[in-house]
Amino acid sequence: TQTVPDMSYDHNTYPCKIIGATIRNEVLVAKEFPLLADEAITMAKNAATFLIDMSRPEGDPLAFFPPTYYGDLITSAIARNKGKTMTMEALTAATAFLDLYDATGKQEYFDRAMKITDTYASLQAEDGSFPIKMDFKTGVPVNDVKAMLHPMLEYLQRLEQQYGITTYNDMFTKAEAWMKN
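Here's a quick rundown of the structure. (Residues numbered from 1 in each chain as written. Predicted model: local features only at pLDDT ≥ 70, side-chain atom pairs only at ≥ 80, totals over all residues. Heavy atoms only, no water.)

## Let's talk about the overall build of the protein chain
Consideration 1: Check the secondary structure of the protein chain and you find seven helices and two strands.
Consideration 2: Each helix (α) and strand (β) of the protein chain, taken in turn from the N terminus, gives the series α-α-α-β-α-α-β-α-α.
Consideration 3: Taken against the 2.2 N^0.38 rule, which gives 16 Å for 181 residues, the C-alpha radius of gyration of the protein chain at 16 Å falls within 12% of a compact globule.
Consideration 4: Projected onto its principal axes, the C-alpha coordinates of the protein chain cover approximately 50 × 45 × 30 Å.
Consideration 5: The burial tally for the protein chain puts 45% of its 181 residues in the buried class.
Consideration 6: For the protein chain, the proportion of contacts with a sequence separation of at least 24, taken over those separated by at least 6, is 65%.
Consideration 7: Here the protein chain contributes 17 positively and 24 negatively charged side chains, and the mean placements of these two sets differ by 4 Å. (Helix = DSSP H or I, 4+ residues; strand = E, 2+ residues; numbered from the N terminus. Rg over C-alpha atoms; globule rule 2.2 N^0.38 Å. Buried < 20%, exposed > 50% of the residue type's maximum accessible area, 1.4 Å probe, protein only. Contact = heavy atoms within 4.5 Å. Lys, Arg positive; Asp, Glu negative; His and termini not counted. Charge placed at Lys NZ, Arg CZ, Asp CG, Glu CD.)

## Focus on the pattern of salt bridges
Consideration 1: Evaluation of the coordinates by the stated rule reveals six salt bridges.
Consideration 2: For Asp135, the salt bridge identified is with Lys84, shortest N-O distance 3.6 Å. With Asp135 in strand 2 (residues 133-135) and Lys84 in strand 1 (residues 84-86), this residue pair connects regions lying 51 residues apart in the sequence.
Consideration 3: Judged by its relative accessible area of 23%, Lys84 is partly exposed. (Salt bridge = Lys/Arg side-chain N within 4 Å of Asp/Glu carboxyl O.)

## Some points on the packing of helix 6 (residues 150-163) against helix 7 (residues 169-180)
Consideration 1: Where helix 6 contacts helix 7, the two axes come as close as 10 Å, and the packing angle between them is 150°. The angle between helix 6 and helix 7 falls in the class roughly antiparallel. For the pair helix 6 and helix 7, the crossing hand works out as left-handed. Where helix 6 abuts helix 7, its residues His150, Met152, Leu153, Leu156, Gln157 and Glu160 lie against Asn169, Met171, Phe172, Ala175, Glu176 and Met179.
Consideration 2: Classifying every residue of the contact of helix 6 with helix 7 gives seven nonpolar, three polar and two charged. (Axes fitted to C-alpha atoms, helices over the stretch in contact; angles between N-to-C directions. Parallel < 35°, antiparallel > 145°, perpendicular 65-115°, else oblique. Left-handed = near helix turned anticlockwise from the far one by under 90°. Nonpolar A, V, L, I, M, F, W, Y, C, P; charged D, E, K, R; others polar.)

## Details of the nonpolar core
Consideration 1: Within the largest apolar cluster, 48 residues are counted, with the highest numbers of intra-cluster contacts made by Ile23, Met114, Tyr120, Met152 and Tyr155.
Consideration 2: Among the secondary structure elements, those contributing two or more residues to this core are helix 1 (15-32), helix 2 (37-54), helix 4 (90-104), helix 5 (107-123), helix 6 and helix 7. (Core = buried A, V, L, I, M, F, W, Y, C linked by side-chain atoms within 4.5 Å.)

## What about unusual backbone geometry?
Consideration 1: Even without being a glycine, Phe64 presents a positive backbone phi close to 75°.
Consideration 2: Mapping Phe64 onto the fold places it in the loop between helix 2 and helix 3 (73-77).
Consideration 3: The class for Phe64 is buried, based on a relative accessible area of 11%.

By themselves, these are just geometric observations and shouldn't be taken as functional.
Shown next as structure tokens:
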């Protein structure tokens, strides 16, 4: 019933992963258990509101990305995570927004997923790679380590196969080539 997660559940400190998974799970519950559909979709929408509210603003290097870490539990225990984000984690949120769009037909969720995808397109290196971890405000990579791109490739395939979106084919081709190399 709320748009802020219960922080007594420690894993809620990972918004993209856990709150994104909550959205996806509630959409699945709504699909599989029609008697619970209204409540499940309300939970999914509330979780989506939280991710949207926590996301970087338009114009930022990581525009529309929700945070990987939330609250002090993780960042105080592991200081190197403070103010950082795992680059591929926003894909969990984008996928959740697509699932919620599919369940509700509300364009705002589809648009949010596309804005996250556009940010990814702006982050891709010429060689097709993406940094594994970045500063959440500046978008500067924290090291030279690159992310494994299987989630990106699967996500971009879904965009093409389910929605007919081919805008990101170049990003897919470059990412796939980097993975093969």
